[in-house]
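Letter by letter, the chains look like this.
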Amino acid sequence: MLLKTSLRSFFAHKGRMALSLIAVMLSVAFVSGTLVFSNTATSTFSKLFAATASDISVQPSKPADDDEPQAGDKPATVPVALAQQIAAVPGVKTAVGQVMVGDAILVNPATNKLVGPTSGAPTLLGNWADTPSNPVKITSGHAPQNSGELVLDADTAKKAKLGLGDRIRVDNTGGQHPYTIVGIATFVTTNPGAALAFLDTPTAQQVLLGEQAYTSVEAFGDGSRSDDQLKADALAKVGGGYQVKTAAEQKNENTKAIGSGLDFMKYAMLGFAGISLIVGGFLIINTFSMLVAQRTREIGLLRAIGGSRRQVNGSVLVEALILGVLGSTLGVAVGLGVAVGLIKLMNAIGMDLNAGDLEIGPDVFVAGYAVGILITVVAAWIPARRASRIAPMAALRDHGTPAEARSNLVRTVIGLLLTAGGGGLLVLAGTADKAATGGQYLGLGLLLTLIGFVVLGPLLATVVIKVLGALLPALFGPSGRLAQRNAMRNPRRTGATAAALMIGLALVIGSSVFSSSAVSSASAQIDKSVGVDYIIGGGRTGVTAEMIDAVKRTPGIDHVTTEKDIDARFQLPDGTTKRTGIAAVPPAFFGTDFRLPVKSGAVESIGQGSLGIDEEFATDHHLKVGDSITVHYAGGHTQVLPVGVVFAKGSLFGGASFADLATVSKALPAAEQPGDRMFFAKASSGADVAKTLTALEDALKQYPQLTIKDQAGYKELVQSQVNTLLYLIYGLVGLSITVAVLGVVNTLALSVVERTREIGLLRAIGLSRRQLRRMIRLESVVIAVFGAVLGTGLGLAWGVTAQRVLRDQGLATLTVPTTTIAVTLVSSVVIGLVAALVPAFRAGRMNVLAAIATD
């Protein structure tokens, strides 16, 4: 009987459930689509790694945790003789020396444009070797046979419009190396977006490594021994100093490395999907609350003929379960389209995935149905509980539920406590000395203030809407007065509707405050600290002597300053060891080119053989000017340097340590120093900075990997990078705002149904259709603006606190984006008008007599 009653009730009110169904569907689609995309990307890489893994791979020894490779480090290698040793291991059929590096680029010399991906996927260069697990096979031309020949993968060749006989150039720290394309190779599995190029082995060793060596030795067995046995025998043969990995270990390691990058994107998207689910929960609560209110007499009659509280509660929850199942089913189906869209998006930025190979695992269905059903049933539990409390005598009364004064009092007290506690945590976060501590307070404060505002929604609705709607009666007459009173007549419903919109807009405002502060802080830092006129980044290849010479010869350039990022370990006075980097710079760096704020000591001491450290590093390790630090460089080189200056927190270079290049060179030979990753140029006195920039770009046009910016251009680069992240957040938050708009539409639509007799009476006493539609539109606008005001307040609190937490990490300048706030508030008016279109249209078309006669 319970199921039968629930089914009849659900399908009798199916029109009123439609928007809740859409909300569940959209949220589940985002969850399932994200999982399908993640599974597909992981599977694509797993298939590639499985197809191209050797039976065992012998690689250089794994560095210690504090010796992980850094940008600019030379590739680790194994000796050529190792290949012969591995070939002699019993059970090994073939052992091939492999060269493979990712610190070079491909350039089309005819256009001076980069060939291959410029972001995301790597460009890999190596030696051509015929192996059973080669990731590509030559489908046109032949393998490289001498020092002037190169094989290029087919996908990269097609995108760059290159073919056999065309010229191509390889640029790395060793210079520019021209080649002719003699072969086109096709991937044996799906190409994940990487560009591959191959040279003959001697050339690859000379150009890519600078020595006769390999980056690994790949061995293939004859089938007489398992991979684990081959690994054990290989280790016994070569002794210590090497890593030996089986095919399974290679696949797992590579998949894990790729997965860590994909997981960030996956969990970020699932997080925003969770926000939209919560927003959808408010919509569902409102839907069932209004349905329960409209069915008070029906439920009272059910109780009067013997229905128990448990049965009434169960009846509402079964309806929610049906809604959850239908919404989840549609959501999982729509999620496939979301996954295809994500794949196309990733293809556009360089990751080549095939939408025809979607991986739809059990986790997609489990997660989709779990979140869809769970959020629906949980959201419906409150209205269901309220329905079970309806007394049998309600069947004899008009619609309406008894007042819950005690419940409202408890709700207000809890809301005030949560909001006050969250606000206190935000204050603690903003005044914390350490960013890590402040970040913890911020996260908890953000959560508590959000929950507090949601709980306080009904109380705030009564107060805020009275203020927001104060002008409506004067401006719009009876329609304005009715709209204001309608928005206030059920504060709980209005609060829940506005809360859904509040969450999305709070994230928008908070993100905008943070991003605006980041851009203005970076701009202020550049103005205050940077004396050079041009900043030149070396990209993947680093900086070569030819590039620096080209800049020095450019008319209008006064001098060039370089910076080397040198890996080092500091042995501190307390006996601890800390891995860090040293920026090795020439004397001019702190002379005229950069001005960093000093906490103690003197900048000039760096040129006299001292070390400059950051204030936070000094505080954490109890260091002061005059203390000595033993610096350990790669290759066993060591020197003792005194601390000569402590730079203040929040400097342009963050927590970097500085030493004079000449000082470092006394311990670390120039031949063992990494290449420069960036360098700087100063314009001559009286030179036109803009014209000199153009001359500089012309002088370096043969190096497309370089980024050449003046100070204004560098500020724009920082802003574009921050805006990219901001727009991504806007896009993800857009889902929750869409669901929130559906919530406003849903509330108004059900409210129109609930107030059918009232609307009929208003029309009967002279309210025109135009006035009626205006009343509903104004009511919608007031609710939307109420949500926007709450969201703006929360977002400002979150954004300002985030800036204060990171004030010593480079975010020293607080900037409130007034334009964004104004656009948000205006947009809320538009949202209200759009949300009211259908409900207002339906209300205006009601038959007056039929409406009055409605029970």
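Residues numbered from 1 in each chain as written. Predicted model: local features only at pLDDT ≥ 70, side-chain atom pairs only at ≥ 80, totals over all residues. Heavy atoms only, no water.

*Asks:* What is the right way to look at the overall build of the protein chain in this model?
*Replies:* For the protein chain, the helix and strand inventory stands at 27 helices and 25 strands. Along the first, second and third principal axes, the C-alpha atoms of the protein chain reach 95 × 70 × 55 Å. Across the 855 residues that make up the protein chain, the buried fraction comes to 49%. Put simply, 83% of the contacts in the protein chain that link residues at least 6 apart link residues at least 24 apart. When the accessible surface of the protein chain is split by element, carbon and sulfur atoms take 60% of a total near 37,400 Å². One way to put it: in the protein chain the 72 positive side-chain charges average out to a point 19 Å from where the 61 negative ones average out. (Helix = DSSP H or I, 4+ residues; strand = E, 2+ residues; numbered from the N terminus. Buried < 20%, exposed > 50% of the residue type's maximum accessible area, 1.4 Å probe, protein only. Contact = heavy atoms within 4.5 Å. Areas by Shrake-Rupley, 256 points an atom, 1.4 Å probe, with all protein chains shown as cover. Lys, Arg positive; Asp, Glu negative; His and termini not counted. Charge placed at Lys NZ, Arg CZ, Asp CG, Glu CD.)

*Asks:* Just checking my understanding: could you explain the environment of Ser-224 for this structure?
*Replies:* By secondary structure assignment, the location of Ser-224 is in the loop between strand E14 (216–221) and helix H6 (227–238). When the C-alpha atoms of Ser-224 and Gly-91 are compared, they prove to be 5.8 Å apart, with 133 residues separating the residues in sequence. A distance of 2.6 Å separates a polar atom in the side chain of Ser-224 from a polar atom in the side chain of Asp-222. (Polar contact = N/O pair within 3.5 Å; in protein donor to acceptor, adjacent residues only side chain to side chain.)

*Asks:* Even after reading the chapter, I still don't get the side chain of Ser-43, so can you show me in this structure?
*Replies:* By the secondary structure assignment, Ser-43 is in helix H2 (residues 14–52). One polar contact links Ser-43 to Glu-359, side chain to side chain, over a distance of 3.3 Å.

*Asks:* How should the pairing of strand E9 (residues 149–153) be read in this particular structure?
*Replies:* Regular strands have side chains that alternate between both faces of the sheet. For E9, a buried count of five out of five residues is recorded, marking the element as mostly surrounded by other parts of the structure. Residues Glu-149, Val-151 and Asp-153 point to one face of E9 and Leu-150 and Leu-152 to the other, with burial holding for every one of them. With five bridges joining them, E9 and strand E11 (residues 175–187) adopt parallel strand pairing. Across the sheet, residue Glu-149 finds its bridge partner in E11, namely Thr-180. The sheet contact formed by E9 and strand E12 (residues 195–199) spans two bridges and is antiparallel. Its bridge partner being in E12, Leu-152 is matched across the sheet by Ala-197. (Pairing = 2+ DSSP bridges.)

*Asks:* Any chance you could explain helix H5 (residues 201–209) here in plain terms?
*Replies:* Structurally, the α-helix is built with 3.6 residues per turn, so residues lying three or four positions apart point the same way. Those residues of H5 not exposed but buried are Thr-203, Ala-204, Gln-205, Val-207, Leu-208 and Leu-209. Where H5 is buried, its residues touch strand E4 (100–101), strand E7 (123–127), strand E10 (167–172), E11, E12 and strand E13 (213–214). Note on H5: the residue one or two positions beyond its end, Gly-210, has a positive phi of about 75 degrees.

*Asks:* How do you make sense of the packing of helix H15 (residues 478–489) against helix H24 (residues 769–805) when you look at a structure like this?
*Replies:* Think of two packed helices as two axes; the pair is described by the angle between the axes and how far apart they sit. Relative orientation of the contacting elements H15 and H24 amounts to 45 degrees, with a least axis distance of 8 Å. One element, H15, and the other, H24, form an angle in the oblique class. Remark: the crossing between H15 and H24 carries right-handed chirality. Contact residues: Ser-479, Gly-480, Leu-482, Ala-483, Asn-486 and Ala-487 in H15; Gln-771, Arg-774, Met-775, Leu-778, Glu-779, Val-782 and Ile-783 in H24. Grouping the constituent residues of the contact of H15 with H24 by class yields seven nonpolar, four polar and two charged. (Axes fitted to C-alpha atoms, helices over the stretch in contact; angles between N-to-C directions. Parallel < 35°, antiparallel > 145°, perpendicular 65-115°, else oblique. Left-handed = near helix turned anticlockwise from the far one by under 90°. Nonpolar A, V, L, I, M, F, W, Y, C, P; charged D, E, K, R; others polar.)

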